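Understanding the architecture of this molecule
Given next are the chains, with one letter for each unit.
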Amino acid sequence: MDTDTHEFNKAVLRPLRLALYHGNVKEAAIAVETIFDENAQIHLTYPFETLCGPDSLCREVLASLAKSIPDLERRDTIVIGGTASNGSRWVGCCGYYTGSFKHPWLDIPPTGHQASMRFHEFFRFESGKVVEMQALWDIPELMIQAGAWPMSPSLGREWHVPGPATQDGLRPRRGEGEASLATVSNMLAALGEFATGGVEAMRLNDYWHHACSWYGPGGIGTCRGIHGFRNWHQIPFLNAMPDRIGSLGSGNLFAEGNYVGFTAWPGMRMTISGDGWLGIAPSNQKITMRSLDFWRCEDELIRENWVLVDILDVYSQIGVDVFARMREFNKARWRHPSE
């Protein structure tokens, strides 16, 4: 029964995805009006935050993106549905928006070339309607492509993050959901043992494939293998915030086939008590973090992990306006025609 429900929910969402594949914001607005509950909660990445009604998604956000990228195209690489432990039903979409970046967007200077911006979008369904959306767009990634990123350089590799190596993200194979969910759940629980048992307690080799790929957001980058994951993400992250606590219990973890998705708003709480992460000073400030994830399991090990973190929101919480700094960083090379 749940499988039929998730397939139905994915079908309900398809007109919106298809409209955005064609870059048709008007058709997307019709789809939103049809499939979203009028009181649906819409939570987006910084600086958009929580919108006033689902119609704002197209009218205020997607329309502005399409104006800057006139040939806007949405490309999904993973679409999965599942039920979280609290009984909520979700559809998770992973992919990127692409097209010719011809006009400024959020004051990011256009390149005139094809650009891409990753997205992780999760939709909660009740009775065939979307009642909540939680979504992160990798705006720093677009800044990096425009040569406009004003903050610290990435430790990992910045590139065009690929879809699943197995090319089955849009049609996950049946079965394996319980095994995949157990692998990721156990891995996340083991990560929580760091505070008391250190690196050994996390037992990374028990859960991660030796040739895994960790596809981090713009500003962190991609890490290859357990060694790369530790060096370019985990060590700086834990050094800076050793008390981080994940919201696994209050979040939404679900699986379909060999894929697992996780969404929460926010997903973690921590204190910036050490140095080394994104060049942020150890101010002992408490912050929350939005992190929306997809994993692909292979032979009951994690082979690929797509991760988006709302880095702009993190900077905002510590009093840093990345957009203001970006404008200062780039004003010598580009000015809006009205200036």
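Residues numbered from 1 in each chain as written. Predicted model: local features only at pLDDT ≥ 70, side-chain atom pairs only at ≥ 80, totals over all residues. Heavy atoms only, no water.

**A few points about the sheet that holds strand β2 (residues 73-83)**
The test is simple: In this description, strands pair whenever DSSP reports at least two bridges between them. Under the DSSP-based scheme used, a helix requires at least four consecutive residues in state H or I and a strand at least two consecutive residues in state E, with every element numbered from the N terminus. Helix axes are fitted only over the stretch in contact, all axes being lines through C-alpha atoms; the angle between N-to-C directions runs from 0 to 180 degrees. Residue contacts are defined here by distance: any two heavy atoms, one from each residue, within 4.5 Å place the two residues in contact.
Ordered in space as β1-β5-β4-β3-β2, the five strands form an open sheet in which the pairing is mixed. The open sheet has two free edges, formed respectively by β1 (36-43) and β2, since each of these has just one partner strand. Between one strand axis and the next, the sheet turns by 20° as a mean value, whatever way the strands run. Two elements, β2 and strand β3 (residues 89-100), share ten bridges in a ladder whose sense is antiparallel. Directly across from Glu73, in β3, lies its bridge partner Thr98. Each of β1, β2, β3 and β4 (114-126) touches helix α1 (residues 2-21); the most contacted strand, β2, lies at about 165° to it. Set on the sheet, helix α2 (residues 25-35) makes contact with β1 and β5 (129-137); between it and β1 the angle comes to about 110°.

**Observations concerning the state of the cysteines**
How we decide: Our working definition of a disulfide is a cysteine sulfur pair at a distance within 2.5 Å.
Applying the stated criterion across every chain yields a total of zero disulfides. Among the cysteines around Cys58, which has no disulfide bond, Cys93 carries the closest sulfur, lying 14 Å off.

**Concerning the sheet that holds strand β7 (residues 222-224)**
Strand order across the open sheet formed by six strands is β7-β6-β14-β13-β10-β9, with mixed pairing between neighbours. Looking at strand neighbours, the two that pair on one side only are β7 and β9 (252-256), the edges of this open sheet. Averaged over all adjacent pairs, the angle separating strand axes in this sheet is 15°, with direction ignored.

**With respect to the pattern of salt bridges**
Note the threshold: Salt bridge, as used here: a side-chain nitrogen of Lys or Arg that lies within 4 Å of a carboxyl oxygen of Asp or Glu. Exposure classes here rest on a 1.4 Å probe applied to the protein chains alone. A residue is buried below 20% of its type maximum, exposed above 50%, and partly exposed in between.
Applying the stated rule across the entire model yields 20 salt bridges. For the salt bridge of Arg74 with Asp76, the shortest nitrogen-to-oxygen distance reads 2.8 Å. Here Arg74 and Asp76 have matching classes, each one buried. Between Arg296 and Glu304 there is a salt bridge whose closest N-O contact spans 2.7 Å. Like Glu304, Arg296 is buried. Residues joined by salt bridges that share partners form a network here, namely Arg17, Arg74, Asp76 and Glu121.

Interpretation note: all reported values are geometric properties and have no functional meaning in isolation.
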